[in-house]
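Coordinates in review
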Amino acid sequence: VITRPEMEIGRYHWMYRSSRPHRYHHVPALRGKISPLGIQGCFECCIKCLGGVPYASLVATILCFSGVALFCGCGHVALTGTVSILEQHFSTTASDHALLSEVIQLMQYVIYGIASFFFLYGIILLAEGFYTTSAVKELHGEFKTTACGRCISGMFVFLTYVLGVAWLGVFGFSAVPVFMFYNIWSTCEVIKSFQTNVTVPGDQICVDIRQYGIIPWNAVPGKACGPILENICNTNEFYMSYHLFIVACAGAGATVIALIHFLMILSSNWAYLKDASKMQAYQDIKAKEEQELQDIQSRSKEQLNSYT
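Residues numbered from 1 in each chain as written. Predicted model: local features only at pLDDT ≥ 70, side-chain atom pairs only at ≥ 80, totals over all residues. Heavy atoms only, no water.

1. Notes on the confidence of the model for the protein chain
Interpreting fine coordinate detail is not advised for predicted regions of low pLDDT. Mean pLDDT over the protein chain stands at 77; residues scoring 70 or higher make up 71%. The lowest-confidence element of the protein chain is helix α1 (residues 4-15), averaging 48 in pLDDT; the highest-confidence one is helix α3 (residues 55-90), averaging 90. Per-residue pLDDT stays below 50 along residues 18-38; that stretch engages in 10 contacts with residues further than four places along the chain or on separate chains. Here residues 139-143 scores under 50 on pLDDT; set against residues more than four positions off or in separate chains, the count is 9 contacts. (pLDDT = per-residue confidence, 0-100. Helix = DSSP H or I, 4+ residues; strand = E, 2+ residues; numbered from the N terminus. Contact = heavy atoms within 4.5 Å.)

2. Looking at the UniProt feature "transmembrane region" (unreviewed entry) in the protein chain
The feature "transmembrane region" (unreviewed entry), as annotated in UniProt, sits at residues 58-86, 106-131, 152-176 and 244-266 in this numbering. Strand forms 0% of residues 58-86 and helix 100%; the C-alpha atoms that close the span are 42 Å apart. As annotated, residues 106-131 comprises 100% helix and 0% strand, and the C-alpha atoms at either end are separated by 37 Å. (UniProt positions renumbered as here; feature names shortened; annotations may be inferred.)

3. Notes on helix α6 (residues 226-233)
Three or more residues of α6 are buried, namely G226, L229, E230, I232 and C233. Projected down its long axis, α6 carries its buried residues within an arc of 155 degrees, all on one side. (Buried < 20%, exposed > 50% of the residue type's maximum accessible area, 1.4 Å probe, protein only. Arc of directions from axis to C-beta.)

4. A short note on a nonpolar patch on the surface
Together, F158, Y161, V162 and V165 make up a nonpolar patch on the protein surface, roughly 410 Å² of accessible area in all. The residue Y161 is located in helix α5 (residues 147-194) in this model. (Patch = residues over 30% accessible without salt bridge, like charges linked within 9 Å, V, L, I, M, F, W, Y side chains within 5 Å. Areas by Shrake-Rupley, 256 points an atom, 1.4 Å probe, with all protein chains shown as cover. Salt bridge = Lys/Arg side-chain N within 4 Å of Asp/Glu carboxyl O.)

5. Topic: the state of the cysteines
Per the stated rule, a full pass over the model turns up 2 disulfides. Each sulfur of the disulfide joining C188 and C233 lies 1.7 Å from the other. Looking along the S-S bond of the C188-C233 disulfide, the torsion reads about 60 degrees, which is the right-handed sense. Of this pair, C188 sits in helix α5 while C233 sits in helix α6, and the two are 45 residues apart along the sequence. In this model, C206 is linked to C225 through a disulfide, with the two sulfur atoms separated by 1.8 Å. Its S-S torsion of about 110 degrees marks the bond between C206 and C225 as right-handed, since a negative value means left-handed. You can see C206 sitting in strand β1 (residues 206-208) and its partner C225 sitting in strand β2 (residues 223-225), a full 19 residues away along the chain. Each bonded cysteine of the protein chain gets a number by its place in the sequence, and the pairs then read 1-4, 2-3. (Disulfide = S-S within 2.5 Å.)

The structure is reproduced here in structure tokens:
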């Protein structure tokens, strides 16, 4: 005769196949991998540690640090050289370029702030990458994702998006001095090519800095022509400033790419954390069902013992 508790247990096993008693099978030991005491060796520990490294976040952090370092370092030195060129050749009166000097000095202080902020922000994003990698790889352990952690990941996604848009503007702004210096350099090349042609005087070829709006129209001399302009192009300040502005522009572009890379990583990590929260809810329900099954089994055994 089958009692009512036994029927309930059989129906529960039929409905939830995953809750049936687990059968253990013999697994052959891995020779040369694990010590006789069951402790992993140094190689296995290293492989496990390397498996938890967020390589995508690490590459994006290195690219971000490199781009910001190039932009800030080269931009700072290039701005100093630009002021020196203006004071020596295009604006001999200090009052004419006083406002420009203050703006350039302010930009240099801003560069210090940008370097400090992105150094800290890159470390935070790298730490968030380690956090999310641990969350994904340790779903079945004691690690638990929380709503606060998912909210912080979403906040980083939004902040990185805003910074990426801002750095697009910085990248466009850093291309302006490159364009100006390229125009001056190309004019000097034209003057050099006209030296072989006697019929065309080089004194008629000039570069007027006042048309760019960086110094007022009453600045003296404000422009350079012929051999004077050629001598300016041959100076060390012009050569260094021109190439440093190019490198700073490339650094700004690398930072934009790094932020886009970070944005993709953060979006993917946020999706992983969302799936992890669903997995945790499923495991909690499964644990509750298994506990209910154990309670039914214990009650049925007690009833059987009472019948016997």
